[in-house]
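# Coordinates in review
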Amino acid sequence: MSSAPTMESEMAEPSEVLASSELVARGEYLVTAGNCASCHTTQDGEFMSGGLPFETPFGTIYSTNITPDPLTGIGSWTEIDFLNSLRHGVRPNGDHLYPAFPYNAYTKARDGDILAMFAYLKSIKPVNKKPKQNDLAFPFNFRPLMALWKLLYFQPGVFEARDGRSDEWNRGAYLVEALAHCSACHTPRNIVGAERADAHMGGGEFLDLVSPERYRPWSAPNLTATDRGLSLWSEQDLVDYLKTARNDILESFGPMNEVIINSTRYLEAQDVKAMVTYLKSLTAVPEQGAVAPNPEVMGRGRTIYNLHCGTCHLPTGGGDPDMAPRLDRGSLVVQDENPASMINAILYGPHLPSPPLQPKWREPMQQFQYLLDDEEVASAATFIRHSWGNASGLVTAEQVARQR
């Protein structure tokens, strides 16, 4: 008769413990690169417990609990369950996931990386919290329809390194396209919410907060090599921005804050450099030609600008280093074909990173929603977008009213 196992015989070998801890640490890094916390953690909620609302043209979708709670989270999931959710966009019971969860990007993640992410998520504190039910309009609340959507717009498959490209370029492509899912915001979508392949990274629009409980459209600028896109920035400009939320041109504001504060600032320097190398190589997706404003609009806009903006941003648009960022040719926000984010900054003030960075300028920019009407905001924005080398297109009072 064999003896009962001793405590020593039941304990894992030191090498196994080390391997497990290394896997969890690797998974934590990959989950950070994927910016999972920003979508699965509410401002007042517990880490990764879900419940964050996503306002879409089809209704409201709430993020899920991805803590290892067995009842309301992923505690009862297997590795295969987790892999299928990222690779194929399906729940363990076979239900289709909505593409607000960016499985069209995560499908490109390698199996080993997905399993490391799962190991990390299984190691965090379990939270018993059941997120709210989605509130989608018919027929979008009928999940089986997602099978047709996937057939038309979803191509599962692991990222494949490109022959003829450097290891750095391929690493950057993997991070940008698979884990960081940059295209989710920076690519325009069609009427059923699918990313347009013909305008990949050419700039997108999405709904997000401009104030508590108040959602408005935001524009994500063109990240391709156009005269109004990333060709305006050097590689160092982009590295600085992704690591510190600011560069010599501007400081992050709005939804991009969470990407940097929760994700890219924690990435290793060589990974940020790889992402920049890849982004700077993207084929240009050209913007529409900008219509030049008439002298009356420019004159009115100049007057408003000089009265309310010129002291800090300077009459040259170059920005006082102690007071305000540049508005001249280097600003992707000003140059964006879609002026939504620029209008939001004027109306509501730029929403700065939280926790706050060390102050760069003496005072934050004020809100102008109560000082300027729609025509005045439109004129000032148009003037800025057509001065000092900018040529970005007219802003109309109707566009301002939409953001207001």
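Residues numbered from 1 in each chain as written. Predicted model: local features only at pLDDT ≥ 70, side-chain atom pairs only at ≥ 80, totals over all residues. Heavy atoms only, no water.

Before going further, it helps to examine the pairing of strand 4 (residues 204–211). One ladder, built from seven bridges, connects strand 4 with strand 5 (residues 214–220); its direction is antiparallel. Its bridge partner being in strand 5, Ser211 is matched across the sheet by Arg214. Here strand 4 folds back onto strand 5 in antiparallel fashion, the turn holding two residues, of which Glu213 has a positive phi close to 65 degrees. (Pairing = 2+ DSSP bridges. Helix = DSSP H or I, 4+ residues; strand = E, 2+ residues; numbered from the N terminus.)

Moving on to the side chain of Arg143. Counting through the fold element by element, Arg143 comes out in the loop between strand 3 (135–136) and helix 7 (146–153). Look at Arg143: it is buried, it has no salt bridge, and the nearest opposite charge is Asp95 at 5.0 Å. Excluding anything up to four places from it in sequence, Arg143 contacts Arg91, Asp95, His96, Leu97, Tyr98 and Asn134. (Buried < 20%, exposed > 50% of the residue type's maximum accessible area, 1.4 Å probe, protein only. Lys, Arg positive; Asp, Glu negative; His and termini not counted. Salt bridge = Lys/Arg side-chain N within 4 Å of Asp/Glu carboxyl O. Contact = heavy atoms within 4.5 Å.)

For the structure shown, the criterion picks out 13 aromatic pairs. With a centroid separation of 5.1 Å and an interplanar angle of 70 degrees, the aromatic rings of Trp169 and Tyr278 are classed as edge-to-face. Separated by 109 residues along the polypeptide, Trp169 in helix 8 (residues 167–179) and Tyr278 in helix 12 (residues 269–279) bring together distant segments of the chain. Residue classification places Tyr278 among the buried residues on the basis of a relative accessible area of 8%. In textbook terms, an aromatic cluster arises when at least three aromatic residues are bridged by ring pairs, as seen for Phe101, Tyr103, Tyr106 and Phe154. (Phe/Tyr/Trp six-rings, centres within 6.5 Å; stacked < 30°, edge-to-face > 60°.)

Here the second largest pocket defines a volume of roughly 890 Å³. Considering the residues around the second largest pocket, the lining is formed by 40 residues, among which His313, Ala324, Pro325, Pro350 and Met365 are closest to the centre. Of all the secondary structure elements, the ones that give two or more residues to the lining of the second largest pocket are helix 14 (310–313), helix 15 (332–335), helix 16 (340–348) and helix 17 (374–385). Split by residue class, the lining of the second largest pocket holds 28 nonpolar, six polar and six charged. (1 Å grid on protein atoms, 1.4 Å probe; cavity = no way out; pocket = protein on both sides within 12 Å on 5 of 7 lines; lining within 4 Å. Points joined across faces, edges and corners; volume = space filled by probe spheres on them. Nonpolar A, V, L, I, M, F, W, Y, C, P; charged D, E, K, R; others polar.)

As for its placement among the helices and strands, Asp208 is situated in strand 4. The spatial distance from the C-alpha of Asp208 to the C-alpha of Glu46 is 21 Å, given a sequence separation of 162 residues. Look past the residues within four positions of Asp208 in its chain and what remains in contact with it is Arg214, Tyr215, Arg216, Trp218 and Pro255.

Moving on, we come to a nonpolar patch on the surface. Among the surface-exposed residues, Leu148, Leu151, Leu152, Tyr153, Ile191 and Val192 lie close enough to one another that they form a single nonpolar patch of about 670 Å² accessible area. Structurally, Leu148 can be placed in helix 7. (Patch = residues over 30% accessible without salt bridge, like charges linked within 9 Å, V, L, I, M, F, W, Y side chains within 5 Å. Areas by Shrake-Rupley, 256 points an atom, 1.4 Å probe, with all protein chains shown as cover.)

With that settled, consider helix 10 (residues 235–244). Within helix 10 the residues assigned to the buried category are Asp237, Leu238, Val239, Tyr241 and Leu242. In this fold, the buried residues of helix 10 make contact with helix 11 (256–262) and helix 12. Taken from the residues just after helix 10, Ala245 is the one with a positive phi, measuring 70 degrees.

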